Structures are given as structure tokens and as C-alpha cells.
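Here is what each chain is made of, one letter per residue.
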Amino acid sequence: LYDQIKLATQNPRDVFGIPTGLAGFDRITGGLQRKEVFMLSGEPGVGKSFLAMQLAVGAAEGSNGIPGTPGAVYQLEMSEIAVARRTLSERSRVEARRLRSGRVNADEWQQITEAMEKLSMLPIYIADESEWTTLDLRVDLARLKERGVGWVVIDYMGLLKDEPLMTETERMGVISDRVHAIAKDLDVSIIAVHDMTKGAQTGEVKGQVGLAGHRRVGYNADMTAFLKKSGKTDGLYRLEWEKFREDSPERVLQLRRVPGFPAYAEVERQPEPVTRSSG
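Given the structure is predicted, the values throughout are model-derived calculations rather than measurements. All chains use their own residue numbering, which begins from 1 and follows the written sequence. Where totals are concerned, whole chains, interfaces and linings use all residues; where local detail is concerned, this predicted model gives features only for residues with pLDDT of at least 70, and gives and counts side-chain atom pairs only at 80 or more. Computation of side-chain values covers all heavy atoms of the structure but excludes hydrogens and water.

1. Quick look at the nonpolar core
This is how it is decided: Throughout this description, the term nonpolar core refers to a set of buried Ala, Val, Leu, Ile, Met, Phe, Trp, Tyr and Cys residues connected via side-chain atoms within 4.5 Å. Working definition: with a 1.4 Å probe on protein chains only, accessible area under 20% of the residue-type maximum means buried, over 50% means exposed, and in between means partly exposed. Each helix is a run of H or I in the DSSP string that is no shorter than four residues. Each strand is a run of E no shorter than two, and both are numbered from the N terminus. Contacts are assigned to residue pairs with any non-hydrogen atoms lying within 4.5 Å of each other.
Judged by nonpolar contacts, the single largest core of 42 residues is most densely connected at F25, F38, L51, W151, L239, W241 and L255. Looking at this core element by element, the count peaks at 9 residues for helix α3 (residues 48-61). The contacts of L239, once residues within four sequence positions are left out, are F25, L40, L51, A225, F226, L227, R251, V252, L253 and L255. Counting 30 residues, the second largest nonpolar core, distinct from the first, contains A72, Y74, L186 and M196.

2. Considering the layout of surface pockets
Selection criterion: In this analysis, the protein atoms alone were mapped onto a 1 Å grid. Cavities are point sets where a 1.4 Å probe fits without being able to get out; pockets are open sets with protein on both sides within 12 Å along at least five of seven lines; lining residues have an atom within 4 Å of a point. Grid points are joined across faces, edges and corners, and a volume is the space filled by probe spheres set on the points. The classification used treats Ala, Val, Leu, Ile, Met, Phe, Trp, Tyr, Cys and Pro as nonpolar, Asp, Glu, Lys and Arg as charged, and all other residues, Gly among them, as polar.
Quantified by volume, the largest pocket comes out at close to 900 Å³. If you go around the largest pocket, you meet 30 residues; those closest to its centre are F16, G17, G30, Q33 and E246. Broken down by secondary-structure element, the contributors of at least two residues to the lining of the largest pocket are α1 (2-10) and α2 (23-29). In terms of residue class, the lining of the largest pocket is built from 14 nonpolar, 8 polar and 8 charged. Listing elements by their share of the lining of the second largest pocket, those giving two or more residues are α3, α4 (80-92), α6 (106-120) and β5 (124-127). Counting residues per element, the lining of the second largest pocket draws most heavily on α4, at 4 residues.

3. Overview of helix α7 (residues 134-144)
Selection criterion: Arc definition: it is the arc formed by the directions from the helix axis to the C-beta atoms.
Inspection of α7 places T134, L137, D140, L141 and L144 among the buried residues, and these make up the whole buried set. An end-on view of α7 places all buried positions within 125 degrees of arc, on one side of the element. Structural note: α7 exposes L135 and V139 on the side pointing more than 90 degrees away from its buried face. Residues of α7 that are buried sit in contact with β4 (71-75), β5, β6 (151-155) and α8 (168-186).

4. So, the pattern of salt bridges
Worth spelling out the cut-off: We define a salt bridge as a side-chain nitrogen of Lys or Arg found within 4 Å of a carboxyl oxygen belonging to Asp or Glu.
Counted by the stated rule, this structure contains 16 salt bridges. Here R178 and D162 are joined by a salt bridge, their closest N and O atoms 2.9 Å apart. One end of the pair, R178, is in helix α8; the other, D162, is in the loop between β6 and α8, with 16 residues separating them in the sequence. Here R178 falls in the partly exposed class, since its relative accessible area comes to 32%. Its salt-bridge partner being E240, residue R238 comes within 2.7 Å of it at the nearest N-O pair. For R238, a relative accessible area of 24% puts it in the partly exposed group.

Written as C-alpha cells, this is what we have:
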């Protein structure tokens, strides 16, 4: 610990983990932290998978003067082609529907090929098999550690196939234990996309108890955040942190869905009002 603190004082910086390129997220978290699990939850359809992949691509690219970090994506819900198409759409600024239909003009085709060339160079390993267990993940990541993998996305954690004879609640408790152990033992940061309960969706339940499954899901997470729509305003969302291992003065990140594309942009923070003292 002394050596870590000494090294940090020699090169002080606000982002002391793996930067994601999403400035507000990195400001709040210090970047993705190795040996920790970031639990990303929210209502169905808010775009949790979009956000997880956006953070992943940013981590692979690097930012703030920090080079990119290789990582692995275990996509248990969609195909790897669908994941790549969404990311290409966001980076090329050509709608995913048009990528599928082929109705693109010459300028857009140039944007597509340029974005594809850049993305193909990023150190991201994607697997889309449906039968992954946490043991499979551990074995695969031990192999990928030789390639410098430092972060992992699991989308969705509840789709891992561990312990099929247990109840869903008990199963999720065991899975969360094992996912946390993988992060610790293999020195990686894990973004685990996870469901929220119906009570949390309706507002009847607040905080970490809104995570679906066993209460250990919340205990095992080092950070937990919920992605929510921001009131009735279309396109605006809030990423609200419910748990930190090390506290942060900020706990809410305002986001805007980029119209027509699977990505989020940070809403510019308003300056604090200046108060004048009377005298």
C-alpha cells in the first residue's frame, strides 16, 4: 500500500483506474478499478447494454493520456455481430438499420470503413456463446490474461448457467460470489449488467435491494449504479450510484441518449450559483 501511495504522489491524477472516455463516469469512479465489480442495473429497455459497451470501447481506446487496456466481452444475450453492428453504428454515425439494409451513400460508406478500421484495431475479445458458466469465464480469462486483459463485461450476469438446480435467488447469490472472486483473483475490473426487481421498477423499493436475486448480489458488488429515465423528458437519463467502496462527492451522472444511435453523451454540468455575502 505504501508503494502504491508513493507511486500515486509521483504522478497524481483524478483518473487512477482504467479510463472509459466517458468523462463524468471517470470523474465519479476514478475509472474502472481492477479487482472490483461494477454492477450496472436499470429498467428493461433503458440501454444498459449500450452503456456497458460504450464504457468497454472507451477502456480499449484509452484516454486522459493513459493507453488503452485490452478487455473481454461475454455477450450472453445478443450475437457478437449485433454487438459489433451497434458499436459501428455509434462510431460511424450511420444508423444500424441502414447498415442492415445497405441503404447508404458514398460518404456514409467512407464513414463506415474508417470507423471499422479503427474499431478492428482495438484489443477487445468478444464471445457470444449462450452456455457460459463462471468456471468457463475463469478459465477463459486466465488464458486472456497473457494478452493483457484488464477489464471484463458480462451481459447479462443472470444468464450465466451456474447451478441450474437451485432456485433463481440462490443461484444468483452463488454467481455473484464467483464473479467477485474472478475480479479479485485475476486482477480485472468487471462490469456486470444485471436486472432490477419489479418493486424497484415501480419505485416501491429503493437502493441496492432493487437488484434482482439474492442480497449477496449487492454485497458482492464494489459499486452499484442504476440507469434510469430522467422524469418525463425524452432522451434524458440518470446514472445513480447506490454503493461505493470508497465514497465519492458525486453520485449522479446526467446522460443524454444520442438520437438514432446506441450511445450516451454526458449532459454538461451547470455551474454552481455564486452567492455574495452582505457586509
